[in-house]
Amino acid sequence: MTGFAAIVRRDLRLALRQGSDSTMVVMFFVLTCVLFPFGVGPEPNILARIAPGVIWVAALLASMLALERLFLADYEDGSLELLATAPPPLEFVVAAKILAHWLTTGLPLLIATPLLAILLNLPSEGFQVLIATLLLGTPTLSLIGAIGAALILGARRGGVLLSLLVLPLYIPVLIFGVGAVDAVIGGFPARTHVLVLSGILAVALPLAPFAAAAALRQALE
Amino acid sequence: MATFSGSGLTCLRGENLVFRDLDFTVAGGGALVLVGPNGSGKSSLLRMLAGLLGPAAGTLTWDGEAVTDEPDEHHARLHYVGHHDCVKPILTVAENLAFWARLHGSAATSEDRLERALHSLDVGHLRDVPGRFLSAGQKRRVNLARVVAVPAPLWLLDEPATALDRASVGRLNDAIAAHRAAGGLVVVSTHQDLGLDDPTILDLADFPPGPAPGVAI
């Protein structure tokens, strides 16, 4: 357990000192959402209709931004070899890195969301469920993304490849995330959507670290 | 005392055979020095011993037990120094070192143990300097201090003397000697004479690949 905490602390410290990744992710998220009123026009009803989808898609793209660096920095400076030969199992190491990644990129998105929801005129009934689905969905994005980030190590043009690998896998999370918000705004319960999102998270949580660790071992050979 | 040995080790990189049927044994307090021309597989062998690279054939045993049975146990007893120095540019030397020490399970590793490790390689004065300001030799010394800081019975050092000045090579030697005196094992690849006491030399050139066994063309 000390190893787990040590990795989370190190990655948080690295992210906070560099600062760039978290700030970049949030700025991208905010700017993308802000572009929509310019693109589709400031008609409040149209904005209210598309708000959940816009926020979810922007959050999804933003969380991809910092994904490429998840293992790349450690791979390039040799730390990954040492992490792989350290006493904690590599799956454990990967889980710790994913947690740190979510804390530095997923959590800031969540904090910026209420502001963007107001900006896009999201009906007030949808606020709580939007936050709740993002809270369930963004860790899943980090978990699935980590598999992609591990697979692209050593590949040229890894960033582009990463989007191609990971974006299709994000679609279920997107559908049920937006579906939940739309349901509540339309006056229906969002229970089913939220349960499906929780289910996806519950499956990704134990599986993704194993898949990512296997990909990392392959990359290190 | 622990014994680390390999038998019939064969290394395959892509479709190229690097070496085959390699045997070695190191006992506690022993030093195995890997020599051989570039590309003869010194680094590959060390990566194999560290568990980063699976042998195409052959087995590695620690006290008679195959290391592949318990990879985590094997990881707990080894320190590996590869080509990179893995010093994070934004973290200070002390932070870099403390992280690796904690990862090796010694939360209890007292500050002065780390301090002593830094001093044994003469990087104590750099403890609060961020990694990005270090020279190549200083980074290497920090990396070696990481190895010294937490005791582990097996040291795997790949060209540890790269970028080191003569005084530092001497300090590295002292560290290895102390490690061996405590019953530790060291496997080191090198092109220069490190001046270790009573090393066992393993020349990788003695295990030429030849034609791949059982590969149908």
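Refer to the structure printed above.
On a predicted model such as this, the values are computed, not experimentally measured, just so you know.

Overview of empty space enclosed by the protein
Residue and element names in this part refer to chain B. Under the definition given, this model contains 2 cavities of 30 Å³ or more. Roughly 50 Å³ of volume is contained in the largest cavity. Around the largest cavity, the lining residues are Asp85, Cys86, Val87, Asn96, Leu97, Trp100, Val142, Asn143 and Arg146. Listed by contribution, the elements that provide at least two residues to the lining of the largest cavity are α3 (93-103) and α5 (136-149).

Here's the deal with the packing of helix α1 (residues 2-18) of chain A against helix α6 (residues 90-119) of chain A
For any two helices packed against each other, one specifies the inter-axial angle together with the distance between the axes. Residue and element names in this part refer to chain A. Viewed as axis vectors pointing N to C, α1 and α6 meet at an angle of 35 degrees, and their least axial separation amounts to 8 Å. For the pair α1 and α6, the crossing hand works out as right-handed. On α6, the residues touching Phe4, Ile7, Val8, Arg10, Asp11, Leu12 and Ala15 of α1 are Phe92, Val93, Ala95, Ala96, Lys97, Leu99, Ala100, Leu103 and Thr104. Taken together, the residues of the contact of α1 with α6 sort by class into 12 nonpolar, 1 polar and 3 charged.

Some points on the environment of Phe29 of chain A
Residues and elements named next belong to chain A. Summarising the element assignment, Phe29 is placed in helix α2 (residues 20-40). Its relative accessible area of 0% is what places Phe29 among the buried residues. Taking C-alpha positions, Phe29 is 9.9 Å from Pro108, a pair spaced 79 residues apart along the chain. Filtering out sequence-adjacent residues up to four positions away, Phe29 remains in contact with Ile55, Ala58, Ala59, Ala62, Leu109, Ala112, Thr113 and Leu116.

Details of a nonpolar patch on the surface
All names here are of chain A. On the surface, a cluster of nonpolar side chains totalling about 360 Å² of accessible area is made up of Met24, Phe28, Val57, Leu61 and Leu65. For the nonpolar patch, the secondary structure elements donating two or more residues are α2 and α3 (44-65). Within the element layout of this structure, Leu65 appears in helix α3. Under the relative-accessibility criterion, Leu65 is labelled partly exposed at 34%.

So, the side chain of Thr113 of chain A
Within the element layout of this structure, Thr113 of chain A appears in helix α6. Note on Thr113 of chain A: relative accessible area 1%, which makes it buried.

A short note on the interface of chain B and chain A
The interface is formed by 27 residues belonging to chain B together with 27 residues belonging to chain A. Carbon and sulfur atoms supply 63% of the area that chain B and chain A bury against each other, a total of about 2,600 Å² over both sides. When the area that chain B buries against chain A is broken down by residue, the three leading residues are Lys88, Ile90 and Leu103 of chain B, summing to 25%. Counting across the chain B and chain A interface gives 5 salt bridges. With its nearest N and O atoms 2.9 Å apart, the salt bridge here joins Lys88 of chain B to Asp77 of chain A. The tally of links between chain B and chain A comes to 10 residue pairs in polar contact (both at pLDDT 80 or more). Mapped onto the side of chain B that touches chain A, the elements with two or more residues apiece are α2 (71-76), β6 (78-81) and α3 of chain B. Residue contributions to the side of chain B that touches chain A peak at 5 residues, all from α3 of chain B. Class assignment for the residues of the side of chain B that touches chain A results in 13 nonpolar, 6 polar and 8 charged.

What to know about the sheet that holds strand β8 (residues 185-189) of chain B
Residues and elements named next belong to chain B. Spatially, 5 strands are ordered β6-β7-β8-β3-β9 in an open sheet, and the strand pairing comes out parallel. With one partner strand each, in any of the chains shown, β6 and β9 (200-203) form the two edges of the open sheet. Adjacent strand axes in the sheet meet at a mean angle of 15 degrees when their direction is disregarded. Taken together, the 4 bridges between strand β3 (residues 31-35) and β8 define a ladder with parallel strand orientation. Bridge pairing in β8 places Leu34 opposite Ser189. Here helix α1 (residues 42-49) sits on the sheet and contacts β3, β6, β7 (154-158), β8 and β9; the angle it forms with β7, its principal contact strand, is near 155 degrees. Contacts from α5 reach β6 and β7, with the element oriented near 175 degrees to β6.

Points about the packing of aromatic side chains
Remark: the centre distance and the inter-plane angle together describe each pair of aromatic rings, the angle taken between the planes. In total, this model carries 4 aromatic pairs over all chains according to the counting rule given. For the pair Phe4 of chain A and Phe92 of chain A, a centre-to-centre distance of 5.5 Å together with 65 degrees between the ring planes defines the contact as edge-to-face. Placement of the pair is Phe4 of chain A in helix α1 and Phe92 of chain A in helix α6, with a sequence separation of 88 residues. Residue Phe92 of chain A is classed as partly exposed on the basis of its relative accessible area, which comes to 34%. Judged by centre distance (5.7 Å) and plane angle (75 degrees), the ring pair of Phe4 of chain B and Phe24 of chain B falls under edge-to-face. One end of the pair, Phe4 of chain B, is in strand β1 (residues 3-13); the other, Phe24 of chain B, is in strand β2 (residues 16-27), and 20 residues separate them in sequence.

Rules of the game
Residue numbers here run from 1 along each chain, matching the order of that chain's written sequence. Naming scheme: in the order in which they are written, chains are lettered from A and ligands are numbered from 1. Whole-chain, interface and lining totals are the exception, using all residues; otherwise, since this is a predicted model, local features are given only for residues with pLDDT of at least 70 and side-chain atom pairs are given and counted only at 80 or more. Note that the side-chain values use all heavy atoms of the structure and ignore hydrogens as well as water. In this analysis the probe radius is 1.4 Å and the grid spacing 1 Å, with only protein atoms considered; a cavity is a set of points the probe fits into but cannot get out of, a pocket is an open set with protein on both sides within 12 Å along at least five of seven lines, and lining residues have an atom within 4 Å of a point. Grid points are joined across faces, edges and corners, and a volume is the space filled by probe spheres set on the points. Under the scheme used here, helices are H or I runs from DSSP no shorter than 4 residues and strands are E runs no shorter than 2 residues, and both carry numbers assigned from the N terminus. Working convention: axes come from line fits to C-alpha atoms, limited for helices to the stretch in contact. Angles between N-to-C directions cover 0 to 180 degrees. Helix crossings are classified by the rotation of the near helix relative to the far one: an anticlockwise turn of less than a right angle makes the crossing left-handed, while a clockwise turn makes it right-handed. Contact between two residues is taken to exist if any of their heavy atoms lie within 4.5 Å; hydrogens are not considered. The nonpolar class holds Ala, Val, Leu, Ile, Met, Phe, Trp, Tyr, Cys and Pro. Asp, Glu, Lys and Arg form the charged class, and all remaining residues, Gly among them, are polar. Only protein chains enter the accessibility calculation, which uses a 1.4 Å probe; a residue is then buried when its area is under 20% of its type maximum, exposed when over 50%, and partly exposed in between. Patch rule: a residue counts if its relative accessible area is over 30% and it has no salt bridge; like charges are joined within 9 Å, and nonpolar side chains (Val, Leu, Ile, Met, Phe, Trp, Tyr) within 5 Å. Each accessible area is a Shrake-Rupley estimate made with a 1.4 Å probe; only the visible protein chains count as cover when residues are assessed. For this document, the term salt bridge refers to a Lys or Arg side-chain nitrogen within 4 Å of an Asp or Glu carboxyl oxygen. Values labelled buried area give the accessible surface lost by two parts on being combined, using a 1.4 Å probe and summing over both. Under the rule applied, a polar contact is a pair of N or O atoms within 3.5 Å (in protein, one hydrogen donor and one hydrogen acceptor; residues adjacent in sequence only if both atoms are side-chain atoms). DSSP-based pairing: two strands are paired if at least 2 bridges between them are found. A pair of Phe, Tyr and Trp rings is counted when the ring centres sit within 6.5 Å of each other, with Trp represented by its six-membered ring. The angle between the planes then sorts it: under 30 degrees is stacked, over 60 is edge-to-face, the rest tilted.

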